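# Examination of the molecular architecture
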Amino acid sequence: MKHALTIAGSDCSGGAGIQADLKTFAAHGVYGMSVIVSVVAENTERVISIEDISPKVICDQIDAVFTDIEVDAVKVGMLSGIEQMHAVADKLAQYRPQHIVIDPVMVAKGGCALMQPEALETMKRDILPLADILTPNLPEAEALTGLSIRRDKDMQKAAQMMMDLGAKSVVIKGGHLTGEEAADVLFDGKSFMTFVSPRIDTKNTHGTGCTFSPAIAANLANGMARAEAVKAAKRYITGAIAHALPIGHGHGPTHHFYSLYKKGGFEGMTR
């Protein structure tokens, strides 16, 4: 069994962050480990409060994992501030894991900021160059590049700009665009690949980014090439959204184990 580590915030409602990452790792047959950088009191409707973990404890958590257990892939999610970013960047530079997927989380589904605005330049300078695959959604890509992204050519230009910032490859998620299909664009420095799926009419999309990026990391840990890992993750997140759970009063979570439940004969638990 391969091992994957998530470095991110904790979502007490279970739909995003560390909790979504660990569920996704498990759904892909990967042993999951976690480093919590922020504790987020949130649910399907709102973020109530955020408590950042000290840089020392972040570093201690990373040391605890890497000095004892082999890490085949790392997913990095919410990094709220400059101190947290420095701690994570320094430790990843020290241990140099083979695969790093970075989801530059900036805003929660309900609209609350999860990254301090003054940390944007640190994200661009210190975190993006660590990414084997960077997975911004459209608002995050716009923040990182300063572009207004409205069509495929804009996505391609933004991907190139983020490659210029140091990322080895970039997947821009097109879920915020309109149309009958949701298209994600992967740029590996040489060519563009587009992955398309039907757009699913549902409000239950809490944690979609925190499901897509760890799926890519798990696929990389399991030996897939980058394009293959992204394609399989796209298929997985599409199914998870199609079977999303109507939990809570706001944006319900995706269903990380829909396929497992179906195969196990628990069809009634796929929704």
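As shown above, the structure is provided for reference.
Residues numbered from 1 in each chain as written. Predicted model: local features only at pLDDT ≥ 70, side-chain atom pairs only at ≥ 80, totals over all residues. Heavy atoms only, no water.

### Considerations on the side chain of S10
By the element assignment, S10 lies in strand β1 (residues 3-11). There is a polar contact of 3.0 Å between the side chain of S10 and the side chain of Q19. In this structure S10 touches I18, Q19, I36, S38, V39 and V40, once residues within four positions along its chain are discounted. (Helix = DSSP H or I, 4+ residues; strand = E, 2+ residues; numbered from the N terminus. Polar contact = N/O pair within 3.5 Å; in protein donor to acceptor, adjacent residues only side chain to side chain. Contact = heavy atoms within 4.5 Å.)

### Considering the side chain of T205
Relative to the helices and strands, T205 is located in the loop between β9 (192-198) and α7 (209-221). Not counting the four nearest positions on each side in its chain, T205 is found in contact with K109, H251 and G252.

### Re the pairing of strand β2 (residues 31-42)
As paired strands, β1 and β2 are joined by nine bridges and run parallel to one another. Bridge assignment links I7 to a residue of β2, and that residue is V35. Pairing analysis gives five bridges linking β2 to strand β3 (residues 47-52), with the strands arranged antiparallel. Each residue of the ladder has a partner; that of V39, found in β3, is E51. (Pairing = 2+ DSSP bridges.)

### What to know about the pattern of salt bridges
Taken as a whole and judged by the stated rule, the model has 11 salt bridges. In this structure, K75 engages D21 in a salt bridge whose closest nitrogen and oxygen atoms are separated by 2.8 Å. With K75 in strand β4 (residues 73-76) and D21 in helix α1 (residues 17-27), this residue pair connects regions lying 54 residues apart in the sequence. You can call D21 buried: its relative accessible area is 0%. The shortest N-O distance in the salt bridge between K234 and D184 comes to 3.1 Å. (Salt bridge = Lys/Arg side-chain N within 4 Å of Asp/Glu carboxyl O. Buried < 20%, exposed > 50% of the residue type's maximum accessible area, 1.4 Å probe, protein only.)

### Here we look at unusual backbone geometry
The backbone of R96 sits at a positive phi, close to 50°, despite the residue not being glycine. Summarising the element assignment, R96 is placed in the loop between α3 (82-95) and β5 (100-102).

### As for the pairing of β4
Going residue by residue along β4, you find A73 and K75 tucked away on one face and V74 and V76 tucked away on the opposite face as well. Of the pairings in the sheet, the one linking β1 to β4 comprises four bridges and is parallel in character. Counted as the bridge partner of L5 is V74 from β4. Pairing analysis gives three bridges linking β4 to β5, with the strands arranged parallel. Across the sheet, residue V74 finds its bridge partner in β5, namely I100. For the handedness criterion, the β-α-β arrangement of β4, α3 and β5 is classed as right-handed. (Right-handed = clockwise from strand over helix to strand, strands pointing away.)

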